[in-house]
Amino acid sequence: MATDVAHTNPTTTPPLAADVAGTAFPARAKAVAFESPTRDVMHNAARWEIKCLDHGFVALVDAMPRLVPQGQTADQAIVQAARVSYGQGTKQISEDRGLIRYLLRHRHTTPLEMVEFKFHIAMPIFIARQWIRHRTANVNEYSARYSILPDRFYTPTLDAIRKQSKSNRQGGEETFSVSPAPNAQSPAPSSEALTAQDFLAYLDRAEALYQDYLKLTDAGVSREMARMGLPVSVYTEWYWKCDLHNILRFLSLRMDGHAQLEIREFATAMHDLIAPIVPMTMEAWRDYDFESMHLSKLEIAAMKSAKAGIVGPIATQNKREQAEWEAKLASLGLVKGW
Ligand SMILES: Cc1cc2nc3c(=O)[nH]c(=O)nc-3n(C[C@H](O)[C@H](O)[C@H](O)COP(=O)(O)OP(=O)(O)OC[C@H]3O[C@@H](n4cnc5c(N)ncnc54)[C@H](O)[C@@H]3O)c2cc1C
């Protein structure tokens, strides 16, 4: 376990000599030391890694700022940037936590872009396809044209195989019932258990194509073509760097219950790795974004015309929108009056 060792930076005489040839700063550049001792927000670790799925991981490999004044967090870089833009105006909201909460509430997001995180991630290709849609990150991916893909395929456990959702065309929710009923007369597996087993057998057959992939590349087929036959459950890897503003956007979309369960596991790992580095920002994000609720104009109108705590429907013929309104009322503990 890495420890949180303070850096005792010289406060008066910064190091001027370069220990690697060619890395000295030009003579006309002036070194300015930190004003006070600093701490490494990553606790001096090379990386912090959380395992995901069966072979995946999210590893935090770097952060900006990496060094912050002792006793502070990287939230400080956001506050510092905001104070440049607000100048004297921050006197009313001068407390750091209050300022960050103000920024998040009012969607003043550019100060959040002053913080960046770099991750090394291994995930199945079907997850990478969803992830890459977040265009504001900088990405460098493993090249399966250049190198052989490692033998790593995602296989869910039998009891985690989800059925197609009836209400959401894009989702799976309930899992197949795979364990025999406690009072079952026959030891034969149920039809649900058989379907789940069939699904795993199908993934096994797809994974077995890896042997053909190796054989064909050995026989001289180019790697860029041989990979065409591999399933999207094969793992890829990338370095992914993004500023905090866009990471929060990614987390809002990919930790949400509408996102696919597998990418939620990665997004949650990413959240857990950055939360200790920018705790004030993450708290404000949960309060004003992730765990908050957006009300449309129609929903506000329905709320305003509620009588004795009983709220009516919204003025729409759209069944899905009405159902979403019902779900919001239920989560608010309000009685629906229709
Ligand atoms: C539950 C779920 C289901 C989805 N289903 C589908 C689907 O069925 N099909 C599909 O194709 N996609 C789907 N997506 C992907 C989705 O449409 C977005 O592409 C993805 O979530 C990335 O969001 P983003 O564009 O906000 O992110 P980013 O690309 O990170 O962009 C962040 C923000 O930057 C700005 N920005 C970025 N690039 C530009 C640009 N070129 N011009 C102007 N502004 C820009 C925008 O404000 C944008 O919101 C789904 C996403 C989720 C979460």
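What you see is a predicted model, and the numbers here were worked out from it, not measured in a lab.

It is worth spelling out the overall build of the chain at this point. Helix and strand counts for the chain stand at ten helices and twelve strands. The C-alpha atoms of the chain give a radius of gyration of 26 Å, which is well past the 20 Å a tight globule of 338 residues would have. Counting over 338 residues, the chain shows a buried share of 22%. Excluding contacts between residues fewer than 6 apart, the proportion of contacts in the chain whose partners are at least 24 apart in sequence is 66%.

Attention now goes to the nonpolar core. The biggest cluster of nonpolar side chains holds 52 residues, and the ones touching the most others in it are F266 and M270. Considering each element in turn, this core owes the most residues, seven residues, to helix α7 (residues 261-274). Once residues lying within four places of it in the same chain are set aside, the contact partners of F266 are C52, G56, V58, I121, M123 and I127. Grouped together as the second largest cluster of nonpolar side chains are five residues, V311, I314, W325 and L329 included.

Once that is clear, we can look at the domain arrangement of the chain. If you check the domain split of the chain, you get domain 1 (39-146 + 234-290), domain 2 (158-178 + 190-229) and domain 3 (297-336). Averaged C-alpha coordinates put domain 1 and domain 3 at centres separated by 34 Å.

In the vicinity of the ligand, the contacting residues are R133, H134, R135, T136, N246, R249, L253, H258 and A259. When grouped by side-chain class, the residues that make up the shell around the ligand number two nonpolar, four polar and three charged.

An order of β3-β4-β6-β10-β7 is seen for the five strands of this open sheet, with the pairing classed as antiparallel. Lying at the two open borders of the sheet, with one neighbouring strand each, are β3 (48-52) and β7 (138-141). With strand direction ignored, the average angle separating the axes of adjacent strands in the sheet is 20 degrees. Across the sheet, helix α6 (residues 244-254) is in contact with β6 (116-124) and β10 (235-243); its angle to β10 comes to roughly 130 degrees.

This paragraph deals with the packing of helix α2 (residues 96-105) against helix α8 (residues 279-290). The interhelical angle for the contact between α2 and α8, taken along N-to-C directions, is 40 degrees, at an axis separation of 9 Å. On the basis of their axis angle, the class for α2 and α8 is oblique. For the crossing formed where α2 meets α8, the hand is right-handed. In this structure, α2 uses D96, R97, I100, R101, L104 and R105 to contact α8, whose residues at the interface are M280, T281, A284, W285, Y288 and D289. Split by residue class, the contact of α2 with α8 holds six nonpolar, one polar and five charged.

Bridging between β3 and strand β4 (residues 56-64) involves five bridges; their strand directions are antiparallel. Across the sheet, K51 pairs through a bridge with F57, a residue of β4. Here β3 hands over to β4 after three residues, with L53 in that stretch at a positive phi of 50 degrees. By the bridge criterion, seven bridges tie β4 to β6 in an arrangement that is antiparallel. Each residue of the ladder has a partner; that of D62, found in β6, is K118.

Parameters and conventions
- Residues numbered from 1 in each chain as written.
- Predicted model: local features only at pLDDT ≥ 70, side-chain atom pairs only at ≥ 80, totals over all residues.
- Helix = DSSP H or I, 4+ residues; strand = E, 2+ residues; numbered from the N terminus.
- Rg over C-alpha atoms; globule rule 2.2 N^0.38 Å.
- Buried ≥ 20, exposed ≤ 12 C-beta atoms within 10 Å, placed from the backbone.
- Contact = placed C-beta atoms within 7 Å.
- Core = buried A, V, L, I, M, F, W, Y, C linked by C-beta atoms within 7 Å.
- Domains from an automatic or database assignment.
- Near = placed C-beta within 6 Å.
- Nonpolar A, V, L, I, M, F, W, Y, C, P; charged D, E, K, R; others polar.
- Pairing = 2+ DSSP bridges.
- Axes fitted to C-alpha atoms, helices over the stretch in contact; angles between N-to-C directions.
- Parallel < 35°, antiparallel > 145°, perpendicular 65-115°, else oblique.
- Left-handed = near helix turned anticlockwise from the far one by under 90°.

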